[in-house]
Amino acid sequence: MDLIIFALSALCVVFLLVALAIPFSDLTRLPLAVVIAVAGLVYGTVSTVVGISSVGFALADYDRWLFETLAFNNQTLLLVFLPPLLFEMALHVNVRRLLEDVSVVAVMAVIAVILATAIVGVLLWLVSPIGLIACLLLGAAVSTTDPAAVISIFKQIGAPRRLLVILEGESLLNDAAAIALFTLLVAALGQSEPIGPGSFVVSFLYGFGAGAACGVAVGWLASRLYGILGGSDVAETTVTVALAYGSYLLSEYGLQASGVVAVVFAGLATTMFGTLTMGPRNWRTLTRVWGQIGFWANTLILLLAATMAPRMLLSLDWWGGLLLVVVYLAAALARAAVLFGLLPGLSRLGISTPITTGQKTLVLWGGVRGAVTLVLALSLSETTGLDPDDAQIIAALGAGYVFMTLLVNASTLAYVTRRLGLDRLSAGDLALRERIVAGAQAEAQAYVTELASERAIDVSAIEAMNASYEPQIREAVTHAEAVAIPFGDRLRLGLTILTSQELRLVQTAFEDGAVGPRSTRVLRGNAERLSDAVRLGGREAYEDMVEANLRFPVLFRVAVWLHRLRLADRLLRVMLERRMTMLLESETVVRDLATFAREVIGPMIGEDATRNVVEFVGKRLEMLHDEIDVIRLQYPGYTRAMESILLMRAGVRRERTQYRRLFDEGIIGNDLHRSLERELDQRMRALATPPPVDLGLTPTDLIGKVPLFAALDGRQAAAIERCLRGRLALPDEVIAAAGERGNAMYFIASGVLEVTGLEHEILLSNGQFFGELALIAPTRRRSTEIVARSFCRLLILSRRDFKRLAKNDPALERTIRDAADRQLGEGFRKSVPEELDWSGGGSDKPEAT
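Residues numbered from 1 in each chain as written. Predicted model: local features only at pLDDT ≥ 70, side-chain atom pairs only at ≥ 80, totals over all residues. Heavy atoms only, no water.

Asks: Can you walk me through the overall build of the protein chain in this structure?
Replies: In terms of regular secondary structure, the protein chain is built from 32 helices and eight strands. Each of the 849 residues in the protein chain was classed as buried or not, and the buried ones make up 49%. A separation threshold of at least 6 residues defines the contact pool for the protein chain, and within that pool the share at least 24 residues apart is 80%. A total of about 38,700 Å² of accessible surface is found on the protein chain, and carbon and sulfur atoms cover 60% of it. (Helix = DSSP H or I, 4+ residues; strand = E, 2+ residues; numbered from the N terminus. Buried < 20%, exposed > 50% of the residue type's maximum accessible area, 1.4 Å probe, protein only. Contact = heavy atoms within 4.5 Å. Areas by Shrake-Rupley, 256 points an atom, 1.4 Å probe, with all protein chains shown as cover.)

Pasting the structure below:
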């Protein structure tokens, strides 16, 4: 009982110290990790050097109690602290964006781990009597990174989101790969015979691959479970806690693979699939809870390790101090090799976001190590198979390296940022800032004036308010006008603000229940890519990315092929549902952006740049309308049904949000709320299945629509049908080029074609045809071009096949000639020889009905 009271009391003291460290960190402008580390180091030094072992509830006694009385050995450290640390990190990664750069992230992570392990381990081995495996273990432990501070600075200076995603993903996979390598090296110590390089590589690949597969599988299974938990945020959060530890145990002890890799991928799978099955409120609750768990785990291990570190560091002699410097410099060298050697090569290949020299330097200096490295370093002191003296030395070196990066790198990161000039605004940015300030103050002045008028406030109060605002506005305008901001900079700023607003509109629509989680992820990804394009390439890159976001994905092309081959229909229905949903909901967001551009952005960037921004928004709206019209033309029945389903889904989501608000405000009770939720679930399940896709017209139907073939009997129509050849046309594929002579007739079984080269746009869709005159007479070269606007299934009747058919069937020939006379007049008969001239070319324009 006394031990429990002691433990709880000491835990209270620890949490109180951590809480007080937060305002102290804000006051001193030092990173919180530095404040906690310094506090722990000071306490540990005093208790070690002076001999104070009991000052109130002594932390030194507390950590001794943890590691001795409760047998907190290295395995306990790994099991208790690593799963929550890594799972919480994975929840904050944008998985969809990470998948787009997964190759560069994986290469950087794996190579960074290998380089750091090899460089640190080999250099330490060369200058010390410590064994090679022990040195490599230390190299693997210090190869983990904590880029949180650097990422925070990059967000402040407006770095591309793609760069942030790459840094976050590289850090997460770096940790997973480093811990997997660390575990393999520990296992190698226990082998009676040396492990060959081939077996070691195979073991590493199996551990990483099997762990990743286990994490994804368990994460996906957990996402299926969320749907039966009744929308309870506490239940769903509890499942994720079981998921974090369960995935580790299953992979580590069930599959003999890497447990930490399983945790990382379970977290990524939760981010990927969980948002689709959790409501927006539940996901926010989940991330807040895990943020708190991650904070506790980080600070607790950092504080406890800091109190223990002085005893470990004081055991090092002067030679150990030099070895610590070697480890510090070797780790920096390994990181520099990745940043200044590998990353530029990937950028030149176009598979990585360019990063400036200043940004690389900041990432290098910001390579702070944190709780993950500390857990690994502390576990080294009890690793079986290591010489006890070597184990104590490398554990002390690992802990010392972590605190060295905290005290040297983290504490001076703001200074280095200033020295690199990454915190300074250009003259143009300062002028734009003044424009923003002037606009905001003018709007606030107008609002307050209107509010005062409505409330009949004394005129003197209004005059005093105006006297306060007007000098500030004049000063801001004067500063802004003193610098001539180039049009391109103002336009780039406008587009940057526009993409930020687009992200906010998407998130607001999701939280209000107007947009589903799957569509939210797509729309958010599109907006983030637009934001990156503006920052990297300006106007042209923005326009290119708008078009790229509307292109058909590879999976859509696969679905169309399966559909055309009559192999499967379900995938195309799902892909069409997602595309139609994305287009319709993008249309709503872009329409709101037009108003935002005129009313909010205008005062910041000037009238000329605002006109361009509004023009870009208008073009996006037209492109969205065109894409929606293409689907309407190609799949008319499906589109009507799908639009109705989408509207009803939006209504159900909105109802759910309203019922939840009424429940939270105590207007309706729990029983009524659950009843309404069940009713909404039934309605949503009924709306879950997309409508059937229009398969397109049959060849018989298509032939029956052609006036030239109207008088044919069943036998003759069947003969023509046997001559038809199928063709699948891809979007933007030229079907009939300008300047060529036609030699075939085309039937549109399904799809949309565009006729270009005319004054007005002409679209041809299901059931229409063109080129029929090319079957019976030579005509001029085409002056127009026909291009596929969507995936199209065409049936083609060539002039050669029709010629052969007509010669074998004189009655069919006479029927076609008579039909041509009736359709095109007597002049056409005079232009065609008595015996049809089958040697000519094609029509000069599409003959469409």
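There's plenty left to go through after this.
Asks: How should I be thinking about the nonpolar core in this particular structure?
Replies: One recurring pattern in soluble globular proteins is that nonpolar side chains are buried together. Residues Leu268 and Phe403 are the most contacted members of the largest nonpolar core, which totals 118 residues. In terms of residue count, helix 9 (residues 161–189) provides more of this core than any other element does, 15 residues in total. Those residues within four positions of Phe403 in sequence are excluded, and the remaining contacts are Ala37, Leu41, Leu302, Ala305, Ala306, Ala309 and Leu374. Listed in part, the 52 residues of the second largest apolar core include Leu530, Leu550, Ala594 and Val613. (Core = buried A, V, L, I, M, F, W, Y, C linked by side-chain atoms within 4.5 Å.)

Asks: Would you explain the packing of aromatic side chains in this entry?
Replies: Scanning the model with the defined rule gives eight aromatic pairs in all. Consider the rings of Phe15 and Trp296, whose centres lie 5.6 Å apart with planes at 35 degrees: the pair is tilted. Highlighted residues: Phe15 in helix 1 (residues 2–28) and Trp296 in helix 13 (residues 280–313), separated in sequence by 281 residues. For Phe15, a relative accessible area of 32% puts it in the partly exposed group. Judged by centre distance (5.9 Å) and plane angle (75 degrees), the rings of Trp318 and Trp319 are edge-to-face. On the basis of relative accessible area, Trp318 is assigned to the exposed category, the value being 64%. Cluster of aromatic residues (ring-pair linked, three or more members): Phe204, Phe208 and Phe265. (Phe/Tyr/Trp six-rings, centres within 6.5 Å; stacked < 30°, edge-to-face > 60°.)

Asks: In this structure, what is going on with the packing of helix 25 (residues 607–634) against helix 26 (residues 636–664)? I would like to understand it.
Replies: For any two helices packed against each other, the geometry is given by the interaxial angle and the distance between the axes. Viewed as axis vectors pointing N to C, helix 25 and helix 26 meet at an angle of 120 degrees, and their least axial separation amounts to 5 Å. When the axis of helix 25 is compared with that of helix 26, the two are oblique. The segment helix 25 lies against helix 26, with Ile631, Arg632, Leu633 and Gln634 engaging Pro636, Thr639 and Glu643. (Axes fitted to C-alpha atoms, helices over the stretch in contact; angles between N-to-C directions. Parallel < 35°, antiparallel > 145°, perpendicular 65-115°, else oblique.)

Asks: Sorry, what's going on with the environment of Arg579 here?
Replies: For Arg579, the position within the fold is in helix 24 (residues 570–605). Counting along the chain gives 27 residues from Arg579 to Phe552, while the straight-line C-alpha distance between them is 8.6 Å. When residues no more than four places from it in sequence are discounted, the contact partners of Arg579 are Leu550, Arg551, Phe552, Phe556, Glu627 and Ile631. A polar contact of 2.7 Å, which involves the side chain of Arg579, links it to the backbone oxygen of Leu550. (Polar contact = N/O pair within 3.5 Å; in protein donor to acceptor, adjacent residues only side chain to side chain.)

Asks: Got a minute to help me understand the pattern of salt bridges in this structure?
Replies: Oppositely charged side chains are able to pair whenever their charged atoms sit close together. If you walk through the whole model with that rule in mind, you get nine salt bridges. In this structure, Glu655 engages Arg683 in a salt bridge whose closest nitrogen and oxygen atoms are separated by 2.8 Å. Taken together, the residues Glu655 in helix 26 and Arg683 in helix 27 (residues 670–686) connect sequence positions 28 residues apart. (Salt bridge = Lys/Arg side-chain N within 4 Å of Asp/Glu carboxyl O.)

Asks: What is the right way to look at the sheet that holds strand 6 (residues 769–770) in this model?
Replies: Hydrogen bonds between backbone atoms are what pair the strands of a sheet, whose relative direction is either parallel or antiparallel. Within the open sheet, the four strands sit side by side as 1-8-3-6. Their pairing is antiparallel. Looking at which strands have only one partner, the edges of the open sheet turn out to be strand 1 (725–729) and strand 6. Direction of pairing for strand 3 (residues 744–750) relative to strand 8 (residues 792–798): antiparallel, over a ladder of six bridges. Each residue of the ladder has a partner; that of Tyr746, found in strand 8, is Ile796. (Pairing = 2+ DSSP bridges.)

Asks: Just to check I follow, could you spell out helix 26 for this structure?
Replies: Given 3.6 residues per helical turn, the α-helix brings residues three or four places apart onto the same face. For helix 26, which comprises 29 residues, the first-to-last C-alpha distance of 42 Å matches the rise-based estimate of 42 Å (1.5 Å per residue) to within 8%. Downstream of helix 26 by one or two residues, Gly666 has phi in the positive range, about 80 degrees. (Expected span 1.5 Å × (residues − 1).)

Asks: So what exactly am I meant to see when it comes to the packing of helix 16 (residues 371–380) against helix 17 (residues 388–409) here?
Replies: Look at helix 16 against helix 17: their axes get within 7 Å of each other, and the N-to-C directions meet at 160 degrees. The pairing of helix 16 with helix 17 is recorded here as roughly antiparallel in orientation. The chirality of how helix 16 crosses helix 17 is left-handed. The residues of helix 17 that touch helix 16, namely those facing Thr373, Leu374, Ala377 and Leu380, are Ala391, Ile394, Ala395, Gly398, Ala399, Val402 and Phe403. Of the residues contributing to the contact of helix 16 with helix 17, the split by class is nine nonpolar, two polar and no charged. (Left-handed = near helix turned anticlockwise from the far one by under 90°. Nonpolar A, V, L, I, M, F, W, Y, C, P; charged D, E, K, R; others polar.)

Asks: Explanation requested: the sheet that holds strand 7 (residues 785–788) in the structure shown.
Replies: Taken in spatial order, the four strands make up an open sheet running 2-7-4-5, and their pairing is antiparallel. Unpaired on one side and paired on the other, strand 2 (734–736) and strand 5 (762–764) mark the two borders of the sheet. When strand polarity is set aside, the average angle formed by the axes of neighbouring strands in this sheet is 35 degrees. Taken together, the two bridges between strand 2 and strand 7 define a ladder with antiparallel strand orientation. Each bridged residue has a counterpart across the sheet, and for Ala736 the counterpart in strand 7 is Ile786.

Asks: Explanation requested: empty space enclosed by the protein in the structure shown.
Replies: Leftover empty space is mapped by rolling, across the atoms, a probe with the size of a water molecule. Applying the stated criterion to the full structure yields six cavities of 30 Å³ or more. There is about 120 Å³ of room inside the largest cavity. What lines the largest cavity is Glu502, Asn526, Leu530, Val546, Asn549, Leu550, Met582, Ser586, Val590, Arg620 and Leu624. Contributions of two or more residues to the lining of the largest cavity are made by helix 22 (517–549), helix 24 and helix 25. In terms of residue count, the dominant contributor to the lining of the largest cavity is helix 22 (four residues). The residue makeup of the lining of the largest cavity, split by class, is six nonpolar, three polar and two charged. (1 Å grid on protein atoms, 1.4 Å probe; cavity = no way out; pocket = protein on both sides within 12 Å on 5 of 7 lines; lining within 4 Å. Points joined across faces, edges and corners; volume = space filled by probe spheres on them.)

Asks: When you look at helix 14 (residues 318–348) in this model, what are you seeing that I'm missing?
Replies: The terminal C-alpha atoms of helix 14 lie 45 Å apart, and with 31 residues this matches the ideal 45 Å at 1.5 Å per residue to within 8%. Of all the bends found along helix 14, the most pronounced is centred on Leu342 and spans about 30 degrees, while Pro344, a proline, follows it within four residues. (Bend = angle between axes of the 7 residues up to and from the residue.)

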